[in-house]
Amino acid sequence: MRLAAGAFTHEGRIRDLNEDSHVIDERLLLFAIADGMGGHKGGEVASQTAIEALRAAVAGGRSINDAITMANSAVIERAHGRPELAGMGTTMTAAVVAGGRQLLIGHVGDSRAYLLHGGELRRLTQDHSLVEELVRDGRLTPEQAESHPRRSIITRALGVDAEVDVDLYTVEVTPGDRVILCSDGLTTMVRERDIERIARADPDAQRASEALVDAANEAGGEDNITVVLLDVVE
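Given the structure is predicted, the values throughout are model-derived calculations rather than measurements.

Re the overall build of the chain
Okay, so step 1: Check the secondary structure of the chain and you find seven helices and eleven strands.
Okay, so step 2: Against the 2.2 N^0.38 benchmark of 17 Å for 234 residues, the chain shows a C-alpha radius of gyration of 17 Å, consistent with a compact globule.
Okay, so step 3: Expressed as lengths along the three principal axes of its C-alpha atoms, the size of the chain is roughly 50 × 40 × 35 Å.
Okay, so step 4: Counting the 234 residues in the chain, one finds 51% classified as buried.
Okay, so step 5: Taking contacts inside the chain between residues at least 6 apart in sequence as the whole, the part at least 24 apart equals 68%.
Okay, so step 6: As displayed, the chain offers around 10900 Å² of accessible surface, 45% of which is attributable to carbon and sulfur atoms.
Okay, so step 7: Each charge sign in the chain was given a centre, from 24 positive and 39 negative side chains, and these centres are 1 Å apart.

Describing the pairing of strand β8 (residues 120-123)
Side chains on a regular strand alternate between the two faces of the sheet.
Okay, so step 1: In this structure, strand β7 (residues 112-117) lies alongside β8, joined through four bridges in antiparallel fashion. Counted as the bridge partner of L116 is L121 from β8.
Okay, so step 2: Here β7 folds back onto β8, and the loop between the two strands holds two residues, one of which, G118, carries a positive phi near 60°.

Considering the pattern of salt bridges
Okay, so step 1: Going through the model one piece at a time under the given rule, you end up with 14 salt bridges.
Okay, so step 2: Notably, a salt bridge pairs R178 with D231, separated by 2.6 Å at the nearest N-O pair. Note that R178 is positioned in strand β10 (residues 178-182) and D231 in strand β11 (residues 225-233), a separation of 53 residues in sequence.
Okay, so step 3: You can call R178 buried: its relative accessible area is 5%.

Considering helix α2 (residues 64-79)
Okay, so step 1: Compared with an ideal rise of 1.5 Å per residue, which puts 16 residues at 22 Å, α2 spans 23 Å between its outermost C-alpha atoms and is within 8% of the ideal.
Okay, so step 2: Taken together, the buried positions of α2 are I64, A67, I68, A71, N72, A74, V75 and A79. Buried residues of α2, viewed axially, fall in a sector of 160°; they line one side.

Considerations on the environment of G106
Okay, so step 1: Relative to the helices and strands, G106 is located in strand β6 (residues 102-108).
Okay, so step 2: Classification of G106 by relative accessible area gives buried; the value is 0%.
Okay, so step 3: Residues G106 and T170, spaced 64 residues apart in sequence, show a C-alpha to C-alpha distance of 9.1 Å.
Okay, so step 4: What G106 contacts, discounting residues up to four positions off in sequence, is I64, I68, M92, T93, A94, V166, D167 and L168.

A word on the side chain of H107
Okay, so step 1: Topologically, H107 is positioned in strand β6.
Okay, so step 2: Judged by its relative accessible area of 0%, H107 is buried.
Okay, so step 3: One polar contact links H107 to T93, side chain to side chain, over a distance of 3.0 Å.
Okay, so step 4: Here the side chain of H107 touches Q126 through a polar contact of 2.8 Å, landing on its backbone oxygen.
Okay, so step 5: Beyond its immediate chain neighbours, meaning those up to four positions away, H107 contacts I68, M92, T93, T125, Q126, D127, H128, V166, D167 and Y169.

Things to note about the side chain of N224
Okay, so step 1: With respect to the helices, strands and loops of the structure, N224 is situated in the loop between α7 (205-218) and β11.
Okay, so step 2: Residue classification places N224 among the buried residues on the basis of a relative accessible area of 1%.
Okay, so step 3: A distance of 2.9 Å separates a polar atom in the side chain of N224 from the backbone oxygen of E11.
Okay, so step 4: A polar contact is formed between the side chain of N224 and the backbone oxygen of L17, at a distance of 3.0 Å.
Okay, so step 5: Among all residues touching N224, those that are not within four sequence positions of it are H10, E11, R15, L17, N18, E19, D20, S183 and G185.

Side note on unusual backbone geometry
Okay, so step 1: Even without glycine at this site, L29 takes up a positive phi of about 55°.
Okay, so step 2: Tracing the backbone shows L29 in the loop between β2 (20-25) and β3 (30-37).
Okay, so step 3: For L29, a relative accessible area of 31% corresponds to the partly exposed category.

Here's the deal with the nonpolar core
Okay, so step 1: Ranked by internal contacts, the top residues of the largest apolar core, which has 29 residues, are L30, L54, I64, I68, M92 and L158.
Okay, so step 2: Counting residues per element, the ones that place at least two in this core are β3, α1 (42-59), α2 and β5 (92-99).
Okay, so step 3: Ranked by residue count, the leading element in this core is α1, at eight residues.
Okay, so step 4: Apart from residues lying up to four places away in sequence, L30 is in contact with V23, I24, D25, L54, R55, V58, I64, A95 and V96.
Okay, so step 5: L186, A199, L212 and L229 belong to the second-largest nonpolar core, a separate cluster that totals 20 residues.

Calculation notes
- Residues numbered from 1 in each chain as written.
- Predicted model: local features only at pLDDT ≥ 70, side-chain atom pairs only at ≥ 80, totals over all residues.
- Heavy atoms only, no water.
- Helix = DSSP H or I, 4+ residues; strand = E, 2+ residues; numbered from the N terminus.
- Rg over C-alpha atoms; globule rule 2.2 N^0.38 Å.
- Buried < 20%, exposed > 50% of the residue type's maximum accessible area, 1.4 Å probe, protein only.
- Contact = heavy atoms within 4.5 Å.
- Areas by Shrake-Rupley, 256 points an atom, 1.4 Å probe, with all protein chains shown as cover.
- Lys, Arg positive; Asp, Glu negative; His and termini not counted.
- Charge placed at Lys NZ, Arg CZ, Asp CG, Glu CD.
- Pairing = 2+ DSSP bridges.
- Salt bridge = Lys/Arg side-chain N within 4 Å of Asp/Glu carboxyl O.
- Expected span 1.5 Å × (residues − 1).
- Arc of directions from axis to C-beta.
- Polar contact = N/O pair within 3.5 Å; in protein donor to acceptor, adjacent residues only side chain to side chain.
- Core = buried A, V, L, I, M, F, W, Y, C linked by side-chain atoms within 4.5 Å.

Structural data, given as structure tokens:
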């Protein structure tokens with residue numbers, strides 16, 4: 001299996017600093033995004049630290065689960081004894097080729113992974129957020145969740161606790177499929193039906209990733225926005 005990747009990131013229209021980080025490593029067949037949080041520059045440090053630790057762990061032969069766990073430890077260690085970084089953390093959604101035509105996705109937080117297959121978009125990951133839990137409990141509808149004032153509160157992140165629970169997903173892909181990794185700066189601004197429409201419109205992964213980020217900015221750009229697109233090719 002070969003993947004053609006494209007990526008684009010932007011601070012958005014409101015924020016002065018981009019606290020998102022991402023990696024495309026075609027040698028390791030590793031692709032990931034991290035959306036940082038906490039304090040002045042703390043989020044930027046958290047997301048960069050997590051991405052660097054993830055990459056090093058995968059390069060050292062670690063599984064994606066172990067690599068994300070090690071990224072969690074790296075964020076905690078980086079903040080230790082530094083009051084200006086206290087409370088920093090980050091989401092992480094990472095994909096690696098697992099062999100054959102399988103991708104393995106590791107996920108913590110409210111960034112997301114989607115699969116565009118046969119022109120239809122399907123969300124692969126579950127948000128670790130307050131409103132997502134309320135939706136799963138039947139206390140909110142998905143439509144209510146889109147505009148809920150507490151939709152940015154996440155319930156699981158790297159850098160918060162010494163132990164982190166990583167969600168793992170194995171995804172079967174075929175040539176023509178497109179996998180989308182994105183921070184919530186996209187999904188809070190652009191509805192899934194519009195993400196699907198934009199992702200279908202351009203066969204070039206780089207241009208499509210830029211178009212998705214542009215759409216989030218046109219809708220208000222209230223947060224940092226990062227998109228990584230992976231096209232499965234013969």
